[in-house]
Amino acid sequence: MTTYHLSVVSVSDYEPGAEKTWNDEKALIIAIAEQDLAIPFEVILVESTKHRGQPVPSEFFDLIPDLKVHYCDSEQSATLKDYGVSVSNGTYIAVLESDCIPAKNWLRLLLEAVDGQKYDIVSGRTYYGEETAYQRVMNLMHRSWDDPGSSGSTEEISNNGAVYHREILEKYPYPDAVTPFISAAIRNKKIREGGHRFYFERTAKMKHAIGGAGFIWDYQRNKGHQCMSTVGSYKYSNAPKLIAQKFIREIWACKRLGNEYLNLYDWPLLPIIMLLEIVPFTVGMFDALRKVPSIPGSAYR
């Protein structure tokens, strides 16, 4: 068996339809094939056995001839990621979600950072694109939480895509949870408490897919559920405090990065979306209070 310096594991955490289209995976496979990393690396695509009857398009293997496809008897993205780690053999492992497209230098920049410095995990900047006011506003609201404004040591790590020392992933598998949001939050907290160091490489960019109103509803409903589930106690009285904290985080993001992320004419859209998002966020909190086994209608898995 060939031993690689780096393994890349890709898993889809967002499936909005019953049929597997492979569109996100196709865009990601193209991006991985175009990486400017000079050394050979292993690429593993992990999917649920539910989709075994919808085979991987042959063009994937034209792009990456040594692509490895593995199936796991689960639909939970956290379980699929852990399984991908178990079948990989790299010293370092990049775990990417299929709806996130890395820039051509993404793997090289992150591997240089984790390989050359005493950090255990390195992630870069995730964004939705910068072509429209909607994208720029959503970048600030959804994707700036882990952006300290410059490269360096950080307390946060992106679950969308990062490069890890192998032993970190083996020591800290994803815990079982109702949603991947909660599972990731619990795991990252355990890694921090274990004394491991995170690094943010701001020049390494990854473009996350974005949808419209349905996407916002699903995302914020999951975030509301996550906040209520991890606050420490399930009480209706926590709801106003969590909403206030959400507003404070967003206002702080505006103060830190607003002038960099937004154009002058983008600002009027910001308070409108901030207010509208409170509705699905609140619904998600009530889902948590009702202790639902899964988020009804969510495309996240």
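Placed above this text is the structure.
Quick look at the structure, then. (Residues numbered from 1 in each chain as written. Predicted model: local features only at pLDDT ≥ 70, side-chain atom pairs only at ≥ 80, totals over all residues. Heavy atoms only, no water.)

Considerations on the overall build of the protein
- For the protein, the count of helices and strands is 11 helices and 9 strands.
- Across its three principal axes, the protein shows a C-alpha extent of roughly 55 × 40 × 40 Å.
- Out of the 301 residues in the protein, the part that is buried amounts to 55%.
- Sequence separation of at least 24 residues holds for 81% of the intrachain contacts in the protein that already meet a minimum separation of 6.
- When the accessible surface of the protein is split by element, carbon and sulfur atoms take 56% of a total near 13500 Å².
- Distance from the positive charge centre (33 side chains) to the negative charge centre (37 side chains) of the protein: 7 Å. (Helix = DSSP H or I, 4+ residues; strand = E, 2+ residues; numbered from the N terminus. Buried < 20%, exposed > 50% of the residue type's maximum accessible area, 1.4 Å probe, protein only. Contact = heavy atoms within 4.5 Å. Areas by Shrake-Rupley, 256 points an atom, 1.4 Å probe, with all protein chains shown as cover. Lys, Arg positive; Asp, Glu negative; His and termini not counted. Charge placed at Lys NZ, Arg CZ, Asp CG, Glu CD.)

Brief notes about the nonpolar core
- Membership of the largest hydrophobic core comes to 32 residues, with the highest contact counts inside it found for Leu 6, Val 8, Phe 41, Ala 94, Trp 106 and Leu 107.
- Listing elements by their share of this core, those giving two or more residues are strand 1 (6–11), helix 1 (23–33), strand 2 (42–48), strand 4 (92–97), helix 4 (106–116) and strand 9 (198–208).
- At 7 residues, helix 4 tops the list of elements feeding residues into this core.
- Ranked by size, the runner-up nonpolar core spans 20 residues in total, among them Met 138, Leu 140, Ile 216 and Leu 262. (Core = buried A, V, L, I, M, F, W, Y, C linked by side-chain atoms within 4.5 Å.)

Examining the packing of aromatic side chains
- Considering all chains together, one arrives at 9 aromatic pairs under this definition.
- With a centroid separation of 6.3 Å and an interplanar angle of 85°, the aromatic rings of Trp 22 and Phe 60 are classed as edge-to-face. Of this pair, Trp 22 sits in the loop between strand 1 and helix 1 while Phe 60 sits in helix 2 (residues 59–63); the two residues are 38 residues apart in sequence, bridging distant segments of the chain.
- Relative accessible area serves as the criterion here: at 5%, Trp 22 is assigned to the buried category.
- On the basis of relative accessible area, Phe 60 is assigned to the buried category, the value being 1%.
- Among the aromatic residues, ring-to-ring pairing joins Tyr 14, Tyr 128, Phe 181, Phe 215, Tyr 219 and Tyr 300 into one connected group. (Phe/Tyr/Trp six-rings, centres within 6.5 Å; stacked < 30°, edge-to-face > 60°.)

Section: helix 5 (residues 133–142)
- Within helix 5, 8 of the 10 residues are buried, which leaves the element mostly enclosed by the surrounding structure.
- Against strand 6 (121–127), helix 8 (213–230), helix 9 (238–261) and helix 10 (269–276) lie the buried residues of helix 5.

Quick look at the environment of Met 274
- Within the fold, Met 274 resides in helix 10.
- Residues Met 274 and Met 138, spaced 136 residues apart in sequence, show a C-alpha to C-alpha distance of 9.8 Å.
- Beyond its immediate chain neighbours, meaning those up to four positions away, Met 274 contacts Met 141, Phe 247, Glu 250 and Ile 251.

Quick look at helix 7 (residues 180–193)
- For helix 7, built from 14 residues, the straight-helix expectation of 20 Å at 1.5 Å per residue is met to within 8% by its first-to-last C-alpha distance of 20 Å.
- Turning to helix 7, its buried residues are Pro 180, Phe 181, Ile 182, Ser 183, Ala 184, Arg 187, Asn 188 and Ile 191.
- Looking at the buried side of helix 7, the elements it contacts are helix 3 (77–87), strand 6, strand 8 (161–165), helix 6 (166–171), strand 9 and helix 8.
- Directly after helix 7, the chain includes Gly 195, whose backbone phi takes a positive value near 85°. (Expected span 1.5 Å × (residues − 1).)

Some details on the pairing of strand 2
- The buried fraction of strand 2 is high, at 7 of 7 residues.
- Side chains Glu 42, Ile 44, Val 46 and Ser 48 project from strand 2 onto one buried face, and the interleaved Val 43, Leu 45 and Glu 47 project onto a second face that is buried too.
- Bridge analysis of strand 1 against strand 2 gives 5 bridges, and the strand direction is parallel. Residue Val 11 lies in a different strand from strand 2, and its bridge partner there is Val 46.
- In the sheet, strand 2 pairs with strand 3 (residues 68–72) via 5 bridges, with the strands oriented parallel. Each residue of the ladder has a partner; that of Val 46, found in strand 3, is His 70. (Pairing = 2+ DSSP bridges.)

Focus on the packing of helix 7 against helix 8
- Across the interface, helix 7 lies against helix 8 with an axial gap of 9 Å and an inter-helix angle of 45°. By the criterion of interaxial angle, the relationship of helix 7 to helix 8 is oblique. Between helix 7 and helix 8 lies a crossing of right-handed hand. Of the residues in helix 8, those in contact with Phe 181, Ile 182 and Ala 185 of helix 7 are Tyr 219, Asn 222, Lys 223, His 225, Gln 226, Ser 229 and Thr 230.
- Residues belonging to the contact of helix 7 with helix 8 are distributed by class as follows: 4 nonpolar, 5 polar and 1 charged. (Axes fitted to C-alpha atoms, helices over the stretch in contact; angles between N-to-C directions. Parallel < 35°, antiparallel > 145°, perpendicular 65-115°, else oblique. Left-handed = near helix turned anticlockwise from the far one by under 90°. Nonpolar A, V, L, I, M, F, W, Y, C, P; charged D, E, K, R; others polar.)

Examining the side chain of Ser 298
- By secondary structure assignment, the location of Ser 298 is in the segment after helix 11 (278–289).
- Of note is the side chain of Ser 298, whose polar atom sits 3.1 Å from the backbone nitrogen of Tyr 300.
- Residue contacts for Ser 298: discarding those within four places in its chain leaves Asp 218 and Asn 222. (Polar contact = N/O pair within 3.5 Å; in protein donor to acceptor, adjacent residues only side chain to side chain.)

A look at the pattern of salt bridges
- According to the stated counting rule, one finds 23 salt bridges in the structure shown.
- The salt bridge involving Arg 108 is made with Asp 36; its shortest N-O contact spans 3.1 Å. Placement of Arg 108 in helix 4 and of Asp 36 in the loop between helix 1 and strand 2 is noted, with a sequence separation of 72 residues between them.
- The partner of Lys 246 in a salt bridge is Glu 250, and the shortest N-O contact between them spans 2.4 Å. Separated by 4 residues within a single helix, Lys 246 and Glu 250 lie in helix 9, roughly one turn from each other.
- Classification of Lys 246 as buried rests on a relative accessible area of 3%. (Salt bridge = Lys/Arg side-chain N within 4 Å of Asp/Glu carboxyl O.)

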